[in-house]
Amino acid sequence: MKAASGTMAEAGPSTTPPPLPVAALDHATRLACLRLVRTDGIGPVTFRTLINRCGGAEAALDALPDLSRRGGRRMALTPISADSAFEELEAAERCGATPLFTIEPGYPPLLANLDHPPPMVYVMGRTDILQREAVAIVGSRDASAAGLTLARRFAADLSQAGFVVVSGLARGVDAAAHQAALATGTVAVIANGPGSVYPPEHKTLHAAIAETGAVVTEQPPGFRPRGKDFPRRNRIISGLSRGTLVIEAAERSGTLVTARLAAEQNREVFAVPGNPLDPRAAGTNGLIKRGAIPVTEVADIVDALGPITGAAPVAVRPSAPEAELPLQNSDAVPVDTAPSAPVDLDIADATRRTVIDALGPAPIPVDELVRATGLSPRDVQVVLIELSLAGRITHHGAQLVSKI
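Residues numbered from 1 in each chain as written. Predicted model: local features only at pLDDT ≥ 70, side-chain atom pairs only at ≥ 80, totals over all residues. Heavy atoms only, no water.

J.: Could you give an account of the pattern of salt bridges, with specific residues and numbers?
T.: Applying the stated criterion to the full structure yields 14 salt bridges. Taking the shortest distance from any N to any O, the salt bridge between Glu-133 and Arg-242 comes out at 2.7 Å. Of this pair, Glu-133 sits in the loop between strand S2 (120-125) and strand S3 (134-139) while Arg-242 sits in the loop between helix H9 (229-239) and strand S7 (243-247), and the two are 109 residues apart along the sequence. You can call Glu-133 partly exposed: its relative accessible area is 25%. Judged by relative accessible area, Arg-242 falls into the partly exposed class, the value being 22%. Among the salt bridges present, the one from Arg-352 reaches Asp-349, with a minimum N-O distance of 2.8 Å. Note that Arg-352 and Asp-349 are positioned in helix H13 (residues 349-358) at a spacing of 3 residues, about one turn of the helix. (Salt bridge = Lys/Arg side-chain N within 4 Å of Asp/Glu carboxyl O. Helix = DSSP H or I, 4+ residues; strand = E, 2+ residues; numbered from the N terminus. Buried < 20%, exposed > 50% of the residue type's maximum accessible area, 1.4 Å probe, protein only.)

The structure is reproduced here in structure tokens:
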């Protein structure tokens, strides 16, 4: 649901500033815009106001010292040098990143509709994909196997329904959603600068997203993110999207920040209901209580966004039964198949913890547990034997297990 309805967040009708002129930028104007963006004290509102009032970026730079002195600064505000701006653009080009300013064609239209859009974003990959209708999928970094399965299914079905999947390239739900949407193109919004990857284990995924979709950031090359930079990243995730789907979020989760920002931006907020006994579902269940739209299948999202996008309902393929999902390991054997030789029952503590963390109160197929953890079927079998003997899991039949 949206903030305007008064349940998720109270936010009155927004007053959108007059649109900036849209024109192709020459090299000098691009440099001037970047110098403004990187000047201390110039945020989205000031950037837009300066451009509008002064008639362009270069004129705004000329007026900046006098305007700042008249405002009471002891020392005139000085923008970064043209050389520094040129070096940043060159570094971005080496990374394959294209800058997009709010005053030029190609800037994401949904992001531009925010009250205070980022003055500039870098895009690695396809800029055209940012013109398409999108839905964000966000959730826990420490997602359960069931949560990862849901992220993949929703991402794949949203892609089939014609939506671009947007997320934050984080571990857990984000990564699962990106992977499932790679074929049709997905958008990753990052808090670091272009040319670096965080988390580092997503280097291959980052490259694949940039190949078929886009990686977006408002930070300069070489920038290392701090904690305060992730809410800014989250604002772009929700700002690029018609709606934000939350899958597994604890009660105090950064994922809920994205949901709050989406509501403040008058975008739809969707949440997958979770087991009340699972702390990873406390945040999503809380969102539903506060007015988020509960969803159990992609058709729920498509139906809700249809009146907004003007698109007719899209027929979405039914999700494949768990038995039809391929295992990550091609040599996997059914869990109840008797081994032809004694099995080594030694297991590493880290492996055991990976399986335990992936389990939750909701039953999950063992095959999907193998897929979610990335472990071998043998390792998962051994841990499940341990947990079963310890009375920590329940077997539900049909290869379903859950944590007690």
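J.: Summarise the environment of Arg-371; cite the residues concerned and give the values.
T.: Mapped onto the elements of the fold, Arg-371 is located in helix H14 (residues 366-373). C-alpha separation for the pair Arg-371 and Thr-149, spaced 222 residues apart in sequence, amounts to 9.0 Å.

J.: Any details on helix H4 (residues 82-94)? Residues and values, ideally.
T.: Compared with an ideal rise of 1.5 Å per residue, which puts 13 residues at 18 Å, H4 spans 18 Å between its outermost C-alpha atoms and is within 8% of the ideal. Among the residues of H4, Ala-85, Glu-88, Leu-89, Ala-91 and Ala-92 are the ones counted as buried. One side of H4 carries all its buried residues, which in axial view fall inside an arc of 160 degrees. Opposite the buried face of H4, at more than 90 degrees from it, the exposed residues are Asp-83, Glu-87, Glu-93 and Arg-94. For H4, the secondary structure elements touched by its buried residues are helix H1 (27-37), strand S1 (97-101) and S2. Looking one or two places after H4, you find Gly-96, whose phi comes out positive at around 80 degrees. (Expected span 1.5 Å × (residues − 1). Arc of directions from axis to C-beta. Contact = heavy atoms within 4.5 Å.)

J.: Give a detailed account of helix H7 (residues 173-180), specifying residues and quantitative values.
T.: Taken across its 8 residues, H7 has 6 buried, putting it largely inside the fold. Taken as a whole, H7 has its buried residues at Val-173, Asp-174, Ala-175, Ala-176, Ala-177 and His-178. Contacts from the buried residues of H7 go to S3, helix H6 (145-160), strand S4 (164-167), strand S5 (186-189), helix H8 (203-212) and S7.

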